[in-house]
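Now for the letters of each chain:
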Amino acid sequence: MPEKPKELQLLLKVFDDLHDFLPYLVLVGGWVPYLYARYLWKGIQHEPLTTVDIDFGFKEAPKHNTETIADCVRKKEYGEHHISMDRSVPFIPIVSVGKGGLKADVEFITALQTSKTIKEKLVGREIKINEIKDFEILLESPIEIDVEGRSIKIPKPSIFTFHKLLTFSERERTDKQQKDLYYAYYVLFFSPEKEKLTHEVSEHIAKFKQGRQVKRNIKTYFEDPHAKGPTWIMEGTGASTMAMFIPDVRQDAYERISSFIQIQP
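What comes next is a walk through the structure. (Residues numbered from 1 in each chain as written. Predicted model: local features only at pLDDT ≥ 70, side-chain atom pairs only at ≥ 80, totals over all residues. Heavy atoms only, no water.)

## Section: the overall build of the chain
- Within the chain, the regular secondary structure consists of 12 helices and 8 strands.
- Taken over the C-alpha trace, the chain has a radius of gyration of 19 Å; the compact-globule value for 265 residues is 18 Å, and the two agree within 12%.
- Viewed in the frame of its principal axes, the chain has a C-alpha envelope of about 50 × 40 × 35 Å.
- The contacts in the chain between residues at least 6 apart in sequence include a share of 69% that link residues at least 24 apart. (Helix = DSSP H or I, 4+ residues; strand = E, 2+ residues; numbered from the N terminus. Rg over C-alpha atoms; globule rule 2.2 N^0.38 Å. Contact = heavy atoms within 4.5 Å.)

Pasting the structure below:
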């Protein structure tokens, strides 16, 4: 098993600092494939980590609490990334460890329909909260895993994959689109339960109304092995790393993902 990255210290510190809030938070974003590989599947020889920033999703808040996440991180003297130069709020918390400059933004994301009351009760008015279309899908039926003795909620692999295939096309930057597609491919490629995963993603395509958009995205970006989708995935994997597992990443990515086009909505 690969060595643990030093950036893991940041993630574990945030887990410990936000311990009381973890029942209401789901870790999302770039850390998720890494946690799948090391703590859910275990023994995977390639553990992707393309970001240090830490993203949490939420849709609920505790009924009785007096402290918010904003109160907590300020009490623990987190850094603050201010959105506006002339205002102290809203801000994005910055976690850091040691004296070596190891630090990361800690962001909070929710669906468009999440109420103001829930946002203010859990996160607080002071922290910037990102609202994303269709984000509620990512928070459906999360699973709990043990991360170094801490119980953490993360998206179910099939939901994570479905959501990436749905939303990558809406990202403004090409590098973000590329990264999201690679995450989807990584899960499809390395999951030890490939048939079950593929079946569940297919079920999501049929179940959710957004499944039609997933199919449109695949038709647009996976027309053939040399289309944008397979090419982005090939470029995003790192040829030297993936060469240990498969000789033609582009062809494999095309076959795995274009197969979902056959699913009836």
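The discussion continues.
## Quick notes on helix H7 (residues 174-190)
- Taking 1.5 Å per residue as the helical rise, H7 with its 17 residues ought to reach 24 Å, and the 24 Å between its terminal C-alpha atoms agrees with that figure.
- Within H7, 13 of the 17 residues are buried, which leaves the element mostly enclosed by the surrounding structure. (Expected span 1.5 Å × (residues − 1). Buried < 20%, exposed > 50% of the residue type's maximum accessible area, 1.4 Å probe, protein only.)

## Things to note about the pairing of strand S8 (residues 150-154)
- Here strand S7 (residues 143-147) runs beside S8; their pairing, made up of 5 bridges, is antiparallel. Of the residues in S8, the one forming a bridge with Ile 145 is Ile 152. (Pairing = 2+ DSSP bridges.)

## Here's the deal with the packing of aromatic side chains
- Taken as a whole and judged by the stated rule, the model has 16 aromatic pairs.
- Between Trp 41 and Tyr 186, the aromatic rings sit 6.3 Å apart at their centres with planes inclined by 25°, giving stacked as the arrangement. With a gap of 145 residues between them, Trp 41 in helix H2 (residues 31-41) and Tyr 186 in helix H7 connect regions that are remote in the sequence.
- Among the residues examined, Tyr 186 registers a relative accessible area of 1% and is labelled buried.
- Of the aromatic side chains, those joined through ring pairs into one cluster are Tyr 36, Trp 41, Phe 160, Tyr 182, Tyr 183, Tyr 185, Tyr 186, Phe 189, Phe 190 and Phe 245. (Phe/Tyr/Trp six-rings, centres within 6.5 Å; stacked < 30°, edge-to-face > 60°.)

## Notes on the layout of surface pockets
- Looking at the largest pocket, its volume works out to about 870 Å³.
- Around the largest pocket, the lining comprises 26 residues; the ones closest to its centre are Asp 55, Ile 109, Ile 132, Arg 171 and Lys 176.
- Looking at the lining of the largest pocket residue by residue, the class counts come to 7 nonpolar, 6 polar and 13 charged.
- When its volume is computed, the second largest pocket comes out at roughly 170 Å³.
- For the second largest pocket, the full set of lining residues is Leu 40, Trp 41, Ile 143, Lys 156, Pro 157, Ser 158, Ser 191, Glu 193, Lys 196, Leu 197 and Glu 200.
- Put simply, the parts of the chain that give the lining of the second largest pocket at least two residues each are H2, helix H6 (157-167) and helix H8 (194-207).
- In terms of residue count, the dominant contributor to the lining of the second largest pocket is H8 (3 residues).
- Among the residues forming the lining of the second largest pocket, the class breakdown is 5 nonpolar, 2 polar and 4 charged. (1 Å grid on protein atoms, 1.4 Å probe; cavity = no way out; pocket = protein on both sides within 12 Å on 5 of 7 lines; lining within 4 Å. Points joined across faces, edges and corners; volume = space filled by probe spheres on them. Nonpolar A, V, L, I, M, F, W, Y, C, P; charged D, E, K, R; others polar.)

## Notes on the nonpolar core
- Residues Leu 18, Leu 25, Leu 27, Phe 56, Ile 69 and Phe 108 are the most contacted members of the largest nonpolar core, which totals 84 residues.
- Ranked by the residues each element gives to this core, the list is headed by H7, at 10 residues.
- Ignoring any residue separated from it by four or fewer positions in sequence, one finds Leu 25 in contact with Leu 18, Phe 56, Gly 57, Phe 58, Ile 69, Phe 108, Leu 122 and Lys 153. (Core = buried A, V, L, I, M, F, W, Y, C linked by side-chain atoms within 4.5 Å.)

## Brief notes about unusual backbone geometry
- Positive phi values are uncommon outside glycine, yet Lys 42 reaches one of about 65°.
- By the element assignment, Lys 42 lies in the loop between H2 and strand S2 (54-57).
- Residue classification places Lys 42 among the exposed positions, given a relative accessible area of 55%.
- The backbone of Asp 134 sits at a positive phi, close to 65°, despite the residue not being glycine.
- By secondary structure assignment, the location of Asp 134 is in the loop between strand S6 (129-132) and helix H5 (135-138).
- Here Asp 134 falls in the buried class, since its relative accessible area comes to 10%.

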